[in-house]
Amino acid sequence: MLIPEPVQKLIDGFSRLPGVGPKTASRLTFYLLRGSEDLADDLSEALSSLKENTGFCEQCFNITTADRKLCEICTHPERDQEIICVVEEPLDVIALERTGGFHGLYHVLDGVLSPIEGVSPDDLKIKELIDRIKGSEIKEIILATNPSMEGDATAMFIRPQLESEGVQVTRLARGLPVGGDLEYADQNTLLRALAGRQNMG
Amino acid sequence: MSQRDRSFRVEAIVLKHTEFGEADRILSLYTRERGKLRAMVKGARKVRSRKAGHVEPFTLVTLQLAKGRNWYIVTQAEAKNTHQALREDLESIGYAAYIAELLDKFTYDEGHEHNAIYPLLVKTFDRLNRDIDPQITVRYYEIQMLDLLGFRPELQTCVVSDDEIIAQDQFFSVSLGGVVSPEHGKNLPGTTPISVQALKYLRFFQRSRFQDALIANISPEIHRELEVLMQHYVTYQLERGLNSPAFLRRVRHQKENAKNSPD
């Protein structure tokens, strides 16, 4: 055998990751093989505790540590309990948190509706969202799904159900990105940017 | 490799997109010039992507493609029609998804060019976008597309006996690919009844121009019958199910509920 089995096993493991080809997988494996003991130990410890020590928040379905029912955001005393931002993925929560501009709660849908790929409303945490706002003090829901066909479809699907519960439903604004170029903007983005123009200052 | 193959321009409808790698997307395109093909848009999921807004699903777009090692790479993109109106209604999105999925599943990458399919596809999206009787638009597209791809159902003569079909309720066999007369159909396993009106409309769509097909005044019951029958037929031909019909049913269900609720 050209490559010893334990090495081959790790290469195979790496190459199952997205964006990692066989070459990168071998390179990473041999780096670990040559590198210090600590590196490999830390990594294996992190890997084995990843699934074991993480769980989902029972309220917003964001990822959290396994020992708690509710995540840090949901239990934070200073977060605004009257506003929920609905996002597709936990990574979107991180992106929004990084802005420091939102102080409400989140709801992670765990995906987005896709008519062609066959992702149906039952695959997402939509029912949980509706149940969550029933009889609660929530006043506004921000639908922050991506501005793509799927994200828009998801927002359109959820909206009437939320409105019938008597909450205000908003959608993130869309328009030109910072550092963007009018020349390359598509018609829809430009139209929305025009419609959503604001007074200066 | 000639210059023509290395970089070329196409006009296409984006059938679907899938996420790929860090921030890229793979598009499934139906092009005017080369039939179906797949192309990668690098960085399409980045906020500042110059192409992302031009290559959303159901967009009619002009693209400059370059041949990469594994994929065609989109180097320029300019939307000709984003079909914005159809994107603003869930039911229309469902119909558009069905149209796109049907073609995507019935064709192969860089398979044969079907010159007549492209105009049919473009016109169908335009009709949906302008909200011209979506149900007739979709049924007409289905029948015409099957015809162009060589899956035309036999609606004139009985597929068992070859006898001419007369104006009465008949049977339909998806495995035999057409209508079976009552005499031969009632004891044949796997056939479903088809009403004389449904059959009449299918035959009408098969031979008519769209403008004429629009005259058809189809009752909701017959529409339902046609939809179920055609879905059964295409599923059999594809040997696999489609995803978009379930979405459509769900969306319609929600619409019905909204209509029936007191406010």
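Overview of the structure. (Residues numbered from 1 in each chain as written. Chains lettered and ligands numbered in written order. Predicted model: local features only at pLDDT ≥ 70, side-chain atom pairs only at ≥ 80, totals over all residues. Heavy atoms only, no water.)

**Topic: the overall build of chain B**
As a reminder of what qualifies: Secondary structure elements follow DSSP: runs of H or I of four or more residues count as helices, runs of E of two or more count as strands, with numbering from the N terminus. Computation of the radius of gyration draws on C-alpha atoms alone. For the globule rule, the value is 2.2 Å times the number of residues to the power 0.38. The cut-offs for exposure are 20% and 50% of the maximum accessible area for each residue type, with area from a 1.4 Å probe on protein chains only; residues under the lower value are buried, those over the upper are exposed, and the others partly exposed. For this analysis, residues touch if any pair of their heavy atoms sits within 4.5 Å. For the area figures, the Shrake-Rupley method with a 1.4 Å probe applies, and any residue is considered shielded solely by the protein chains shown. Two residue types count as positive, namely Lys and Arg, and two as negative, namely Asp and Glu; His and chain ends fall outside the count. Charge positions come from single atoms, namely NZ of Lys, CZ of Arg, CG of Asp or CD of Glu.
Helix and strand counts for chain B come out as ten helices and eight strands. Taking 2.2 N^0.38 as the reference for a compact globule, 263 residues should give roughly 18 Å; the C-alpha atoms of chain B span a radius of gyration of 20 Å, in line with that estimate. Taking all 263 residues of chain B together, the buried fraction comes to 53%. Taking as baseline every contact in chain B between residues at least 6 positions apart, the subset at least 24 positions apart corresponds to 59%. Working note: accessible area of chain B is about 12,900 Å², and carbon and sulfur atoms make up 47% of it. Charge-centre separation for chain B: the mean point of 37 positive side chains lies 8 Å from the mean point of 34 negative side chains.

**Description of the interface of chain A and chain B**
Counted only if it meets this: Two parts lose some accessible area (1.4 Å probe) when they are put together, and adding that loss for both gives the buried area. Any carboxyl oxygen of Asp or Glu within 4 Å of a side-chain nitrogen of Lys or Arg constitutes a salt bridge here. Polar contact criterion, stated in full: a pair of N or O atoms within 3.5 Å, where within protein one must be able to donate a hydrogen and the other to accept it, and residues adjacent in sequence count only if both atoms are side-chain atoms.
Facing the 26 residues of chain A at the interface are 29 residues of chain B. Across the interface of chain A and chain B, roughly 2,400 Å² is buried in total on both sides, 58% from carbon and sulfur atoms. When the area that chain A buries against chain B is broken down by residue, the three leading residues are P115, I116 and M149 of chain A, summing to 27%. Along the contact surface separating chain A from chain B lie two salt bridges. The closest approach of N and O atoms between E117 of chain A and K16 of chain B, which form a salt bridge, is 3.6 Å. Along the contact surface separating chain A from chain B lie twelve residue pairs in polar contact (both at pLDDT 80 or more). Going through the elements one at a time, helix 7 (149–163) and helix 8 (187–195) of chain A are the ones with two or more residues in the side of chain A that touches chain B.

**So, the packing of aromatic side chains**
All names here are of chain B. For clarity, the threshold we go by: Only centres within 6.5 Å qualify two rings of Phe, Tyr or Trp (six-membered ring in Trp) as a pair; their planes then separate them into stacked at under 30 degrees, edge-to-face at over 60, and tilted for everything else. We call a charge positioned above a ring when the Lys NZ or Arg CZ atom is no farther than 6 Å from the ring centre and deviates by at most 35 degrees from the ring normal.
Considering all chains together, one arrives at nine aromatic pairs over all chains under this definition. Judged by centre distance (6.4 Å) and plane angle (75°), the rings of Y140 and F205 are edge-to-face. Of the two residues, Y140 is situated in helix 5 (residues 134–149) and F205 in helix 7 (residues 196–207); the sequence distance between them amounts to 65 residues. F205 shares its class with Y140; the two are buried. Each member of the aromatic cluster is reached from another via a ring pair, and the members are Y140, F204, F205 and F210. Sitting above the plane of the Y72 ring, K67 keeps its charged end 5.0 Å from the centroid. Across the ring face of Y201, the terminal group of K200 is positioned such that the distance to the ring centre comes to 5.5 Å.

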